[in-house]
Amino acid sequence: MAVFNHISFDEHEQVVFCQDKESGLRAIVAVHNTNLGPAVGGCRMWNYESDDEALNDVLRLSRGMTYKNALAGLEMGGGKSVIIADPKTQDREALFRAFGRCIDGLGGKYYSAEDVGVSTADIMIAHEETPYMAGLEGKSGDPSPFTALGTYLGIKAAVKHQRGIDSLKGLKISVQGVGHVGYYLCRHLHQEGAELIVTDINQSSLDRVATEFGATVVAPQDIYHQDVDIYAPCALGATINDTTIPLLKATIVAGCANNQLAEARHGEKLKELGVLYAPDYVINAGGIINVSFEKDYDATLATQKVEEIYNTLTRIFVQADKQDRTTSSVADDLARAIIEAAK
Ligand code: NAD
């Protein structure tokens, strides 16, 4: 397994492999860039099929955090961590204590928080071993409602840009993944009168959105070809790929999942087909924006900052049209300029 020559290495400052035999912890921490401040990004717990799959995921996610934090105007660098384990594992105390000690060893260069498979309660356990945890109970807490708010506003910005309308009423929106963020997103969309088509691999999550928001449930493999206006990927990454793009009927792709494009060229493909893509790390920055207010937490100030996502995305859409470029490459350039300027 190559590390320095890894396809996703992208000049990472530091990559740390942590093992703790007693608890069974196997984790990788990736610090991509700290020009803007200490790296901040969540911890994902997943049943990766190989170490290489885990490494690729953490490298891609941590690079995304650098760009996300920069474009959100935060004084934070980018990093991420993954724990290689079944996210449903019950014995979490020892595991997250060991994870906390692993993060402590980085001496504050990286702060972790919750992500897929990890709860705020897990982070609280890790926090007993290290101060370098964010998204704590009683402080900024669960970032998901803020990520959902930013994603909802991002969807509105995309609709306004493409169709000139301010309301989502009557629009059909497919949501892939109705977990922490997907649930709150569905609530916003339903409250504005959108028609929801949802999928998940967790039946109880589906039942909840079907009952509360009248969402139509489809099988996971059927989500792509739904006759909808907007496709919102809110599960895992790389769902925009060679197989799924030809199936899409939506003219807007805007959701909270990280790393939605399997490869950068898939952004080109969406553009060719006239599909407006809201770059993932811009639209899903709400949670990390909320975490950035952790120190003297103020929900009103955090919400105001999350609301800026609407204008940031609009600026990217307008510039992409003007320069006849993909929205993802415009976002990358804007983020790189901020990161370079902070060197
Ligand atoms: P979550 O684990 O609570 O929800 C993900 C949902 O996707 C789960 O309900 C899961 O069952 C479902 N899922 C998994 N595989 C699926 C498949 N093949 N088809 C359909 N559904 C599937 O996670 P979350 O916190 O809601 O995050 C969702 C996405 O948003 C992730 O990509 C995450 O990295 C990203 N994100 C989350 C936050 C946050 O604040 N939680 C912030 C930024 C980005």
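Residues numbered from 1 in each chain as written. Predicted model: local features only at pLDDT ≥ 70, side-chain atom pairs only at ≥ 80, totals over all residues. Heavy atoms only, no water.

- By the naming in an unreviewed UniProt entry, the chain goes by Glu/Leu/Phe/Val dehydrogenase dimerisation region and is assigned to Shewanella woodyi.
- The chain has a UniProt comment under Sequence similarities (unreviewed entry) that states "Belongs to the Glu/Leu/Phe/Val dehydrogenases family."
- Regarding the chain, the relevant UniProt record gives this comment under Function (unreviewed entry): "Catalyzes the reversible oxidative deamination of glutamate to alpha-ketoglutarate and ammonia." (UniProt positions renumbered as here; feature names shortened; annotations may be inferred.)

Regarding the UniProt feature "active site" (unreviewed entry) in the chain
Point 1. Under the UniProt annotation, "active site" (unreviewed entry) lies at K80.
Point 2. Along the chain, K80 turns up in strand β5 (residues 77-84).
Point 3. Here K80 is in contact with I28, V29, A30, G41, G42, V58, L61, S62, M65, Y110, D115 and N258, once residues within four sequence places are set aside. (Helix = DSSP H or I, 4+ residues; strand = E, 2+ residues; numbered from the N terminus. Contact = heavy atoms within 4.5 Å.)

Here we look at the pairing of strand β10 (residues 230-233)
The side chains of a regular strand alternate, first on one face of the sheet and then on the other.
Point 1. The alternating pattern of β10 places I230 and A232 and Y231 and P233 on opposite faces, both of which are buried.
Point 2. Sheet topology note: the β10/strand β11 (residues 252-253) ladder contains two bridges and is parallel. In the sheet register, Y231 faces β11, and the bridge partner there is V253. (Buried < 20%, exposed > 50% of the residue type's maximum accessible area, 1.4 Å probe, protein only. Pairing = 2+ DSSP bridges.)

Thoughts on the domain arrangement of the chain
Point 1. The domains assigned to the chain are domain 1 (14-62 + 78-127) and domain 2 (144-341).
Point 2. For domain 1 versus domain 2, the distance between C-alpha centres works out to 25 Å.
Point 3. Counting residues at the interface gives twelve residues for domain 1 and ten residues for domain 2.
Point 4. Taken together, the two surfaces of domain 1 and domain 2 that pack against each other cover about 930 Å², and 54% of this comes from carbon and sulfur.
Point 5. Of all residues in domain 1, N35, L36 and R60 bury the most surface against domain 2, accounting for 41% of the area lost on that side.
Point 6. Our count for the domain 1 to domain 2 interface comes out at two residue pairs in polar contact (both at pLDDT 80 or more).
Point 7. Among the secondary structure elements, those contributing two or more residues to the side of domain 1 that touches domain 2 are β4 (43-46) and α1 (51-71).
Point 8. A class-by-class count of the residues in the side of domain 1 that touches domain 2 yields five nonpolar, two polar and five charged. (Domains from an automatic or database assignment. Buried area = accessible area lost by both parts, 1.4 Å probe. Polar contact = N/O pair within 3.5 Å; in protein donor to acceptor, adjacent residues only side chain to side chain. Nonpolar A, V, L, I, M, F, W, Y, C, P; charged D, E, K, R; others polar.)

Some details on the nonpolar core
Point 1. V175, L189, L196 and V198 are the most contacted members of the largest nonpolar core, which totals 62 residues.
Point 2. The dominant element in this core, judged by the number of residues it contributes, is helix α4 (residues 144-163), at nine residues.
Point 3. In contact with L196, not counting residues within four places along its chain, are I173, V175, C186, L189, H190, F213, A215 and T216.
Point 4. Membership of the second largest hydrophobic core comes to 26 residues, among which are A27, V29, I103 and I125. (Core = buried A, V, L, I, M, F, W, Y, C linked by side-chain atoms within 4.5 Å.)

Thoughts on the state of the cysteines
Joining two cysteines, a disulfide is a covalent bond between their sulfur atoms.
Point 1. Scanning all chains against the criterion turns up one disulfide.
Point 2. Paired through a disulfide, C18 and C102 show a sulfur-sulfur distance of 2.1 Å. Taking the torsion about the sulfur-sulfur bond, which here is approximately 55 degrees, the covalent link between C18 and C102 counts as right-handed. Pair noted here: C18 is in strand β1 (residues 14-20) and C102 is in helix α2 (residues 93-104), with a separation of 84 residues, a long-range link.
Point 3. When its relative accessible area of 11% is taken as the criterion, C102 is described as buried.
Point 4. C186 carries a free sulfur, and the closest cysteine sulfur to it, the one in C234, is 7.5 Å from it.
Point 5. Its relative accessible area of 0% is what places C186 among the buried residues. (Disulfide = S-S within 2.5 Å.)

With respect to the site of the ligand
Point 1. Taken together, 21 residues are adjacent to the ligand, and T147, H180, D200, A235 and N258 come closest.
Point 2. Contacts to the ligand include R44, whose side-chain N or O atom sits 2.8 Å from an oxygen atom.
Point 3. Contacts to the ligand include S144, whose side-chain N or O atom sits 3.4 Å from a nitrogen atom.
Point 4. Against a free-state accessible area of 820 Å², the protein chains account for coverage of 85% of the ligand.
Point 5. More than half of the atoms of the ligand fall within 2 Å of the grid points belonging to the largest pocket.
Point 6. Elements supplying a minimum of two residues to the shell around the ligand: α4 and α5 (180-191).
Point 7. Broken down by class, the residue content of the shell around the ligand amounts to eight nonpolar, eight polar and five charged. (Near = heavy atom within 4 Å. Areas by Shrake-Rupley, 256 points an atom, 1.4 Å probe, with all protein chains shown as cover. 1 Å grid on protein atoms, 1.4 Å probe; cavity = no way out; pocket = protein on both sides within 12 Å on 5 of 7 lines; lining within 4 Å. Sits in = over half its atoms within 2 Å of the grid points.)

Quick word on the sheet that holds strand β8 (residues 195-199)
Point 1. The strand order across the open sheet formed by six strands is β9-β8-β7-β10-β11-β12, and the pairing between neighbours is parallel. Among the strands making up the open sheet, the edge pair consists of β9 (216-217) and β12 (276-277).
Point 2. Strands β7 (172-176), β8 and β10 of the sheet are contacted by α5, whose axis makes an angle of about 160 degrees with β8.
Point 3. Contacts between helix α6 (residues 203-213) and the sheet are confined to β8 and β9, with β8 contributing the most and set at about 170 degrees to the helix. (Axes fitted to C-alpha atoms, helices over the stretch in contact; angles between N-to-C directions.)

Concerning helix α7 (residues 265-272)
Point 1. For α7, the complete set of buried residues consists of H266, G267 and L270. Buried residues of α7, seen end-on, are gathered within an arc of 105 degrees and therefore sit on one face of the element.
Point 2. Against the buried residues of α7 lie β11, β12 and α11 (327-341).
Point 3. The positive-phi residue at the C-terminal boundary of α7 is G274, with phi of around 75 degrees. (Arc of directions from axis to C-beta.)

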